[in-house]
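# Structural overview
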Amino acid sequence: MALLLALVAVRLGWRRRLAASVGRLAPQAVMLGGLAVALPAAAGTDALGLHAAAGALLAGLLFPRVAPPTTRSASSGAPERPATVAAFRAFGQVLLPVFFMAALMGVRVEPGGRVLAEIALLLPLAVVGKVVPGYLVGRAHAWGRREALALGVLLNTRGVTEFVVISLGLAAGLITPSTYLALAVVAVVTTATTGPAVTALLPRPTGSTRTMPEPSPADPDDTTENGATGVSASEFRTFMQGFPSGVAVLATLDQEGQPTGMTCSALCSLSLDPPMLLVCVGRWGRMRRAVEHTGSFTVNLLDGSGDELARAFASGRERVFDEVAWRPSRHCRLPVPTDHVHRTAECDLHSSITMADHTILIGRVTSVGEHDGTRRAPLLHGFSEFAVWRPGSARQRRW
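Basis of the calculations
- Residues numbered from 1 in each chain as written.
- Predicted model: local features only at pLDDT ≥ 70, side-chain atom pairs only at ≥ 80, totals over all residues.
- Heavy atoms only, no water.
- Helix = DSSP H or I, 4+ residues; strand = E, 2+ residues; numbered from the N terminus.
- Buried < 20%, exposed > 50% of the residue type's maximum accessible area, 1.4 Å probe, protein only.
- Contact = heavy atoms within 4.5 Å.
- Areas by Shrake-Rupley, 256 points an atom, 1.4 Å probe, with all protein chains shown as cover.
- Axes fitted to C-alpha atoms, helices over the stretch in contact; angles between N-to-C directions.
- Parallel < 35°, antiparallel > 145°, perpendicular 65-115°, else oblique.
- Left-handed = near helix turned anticlockwise from the far one by under 90°.
- Polar contact = N/O pair within 3.5 Å; in protein donor to acceptor, adjacent residues only side chain to side chain.
- Salt bridge = Lys/Arg side-chain N within 4 Å of Asp/Glu carboxyl O.

## Here we look at the overall build of the protein
Regarding its fold elements, the protein presents 12 helices and 15 strands. Within the protein, the fraction of its 399 residues that count as buried is 32%. Long-range pairs, those at least 24 residues apart, make up 64% of the contacts in the protein with a sequence separation of at least 6. As displayed, the protein has an accessible area near 23,700 Å², and 63% of this comes from carbon and sulfur atoms.

The following block contains the structure:
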């Protein structure tokens, strides 16, 4: 009956209307209201011979989610969690150990070494059975060793779900109390060690995601000096023109599924293991929105004959791919120009970082390849001119 009521509530949209009301309440009132629903539901399923977590799960179906974060931290630019989320998280950290203790209090085990022997046998088997397959899957998808191992560690956590399963097994007589206790220890150990292990494998960067003060979306005035540095946009552009770089076409699909691209010279490698690169795109441009929508992109390195292609994609026209020959990439099925491109990398978007008027797109490289298997001289750009990289060559073309 409780499940039926939960499904009816979801179907009729009661959760949506209740969520609107919840958003106007104080965090403490929301937390107490959630407990007033969850605890009686848990007690009811426990009285019926089911696990108490089943009642809490049904209560969760009835209770709406709190509103997502809508503000950002002034210091770091990261999304701030609403006070309601923080209150529930803090309360959950208190209730979770209580749940584990309550699940173990009713178990009677004869003293002896059988429990220790079962723990010594089951714990390594449980860890290896989750960590190793997760690691192998991550490596098969070209993940780095640390990230693949972190995937296995995340799969290794068990927590409340395993307690529910083994409690049902104990009640049905499928496992003995000693095995129940051993499996409970496995669940607690693997769950408690997951957080520290993942943090050690994937330490969070410090300061790398901080957002700079936001400038105006309009183009910078070349005659206006930056108040912090005294360097105008024109002077800085002239400085960077003295640093020649390769030329590439960044391509993906837009929100309508149409191919779109742009000329890019702000490209560099970021990591070898896993292979990652970064590109810089305009913060308010359609390319950033398209890449973040699709979640992947291609980087196409232009050869020495690709100056006209570079001009076309630097023009700002929306449908440049209607004017050039292209094909889908091998894995992501994203647009790749077929002419004047000597190498292509397919990338999954790993993260994006907004800095002032540009956004840094960090991509995990999933595939690389040469177009015709021959090594061709790449196209370069510097001092507002194109050039072909070739020892002893000085051939140049104007932008």
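## Quick look at the packing of helix H6 (residues 114–140) against helix H7 (residues 145–156)
H7 packs onto H6 with a crossing angle of 140° between their chain directions and a minimal axis gap of 7 Å. The pairing of H6 with H7 is recorded here as oblique in orientation. The handedness of the crossing between H6 and H7 comes out as right-handed. Contacts from Ala126, Val127, Lys130, Val131, Gly134, Tyr135, Gly138 and Arg139 of H6 reach H7 at Arg145, Ala148, Leu149, Leu151, Gly152, Val153, Leu155 and Asn156.

## Observations concerning the side chain of Thr344
On the secondary structure map, Thr344 appears in strand S11 (residues 341–355). Separated by 2.9 Å, the side chains of Thr344 and Asn300 make a polar contact. Every residue in contact with Thr344, bar those within four places of it in the chain, is listed here: Thr298, Val299, Asn300, Val336, Ser367, Val368, Gly369 and His371.

## Brief notes about the side chain of Thr263
Positionally, Thr263 belongs in strand S5 (residues 259–264). Taking the relative accessible area as the measure of exposure, Thr263 reaches 15% and is therefore buried. From its side chain, Thr263 meets the backbone oxygen of Ala310 in a polar contact 2.6 Å long.

## Describing the pattern of salt bridges
Under the defined criterion, the tally for this structure stands at eight salt bridges. The partner of Asp254 in a salt bridge is Arg319, with the nearest N and O atoms 3.6 Å apart. Of this pair, Asp254 sits in the loop between strand S4 (248–253) and S5 while Arg319 sits in the loop between helix H12 (307–314) and strand S9 (326–328); the two residues are 65 residues apart in sequence, bridging distant segments of the chain. For Arg319, a relative accessible area of 32% corresponds to the partly exposed category. Among the salt bridges present, the one from Glu292 reaches Arg288, with a minimum N-O distance of 2.8 Å. On the criterion of helical spacing, the pair formed by Glu292 and Arg288 is a turn pair, its members being four residues apart in helix H11 (residues 286–294). We classify Glu292 as partly exposed; its relative accessible area is 33%. Three or more residues joined by partner-sharing salt bridges are found here, namely Asp254, Glu256 and Arg319.

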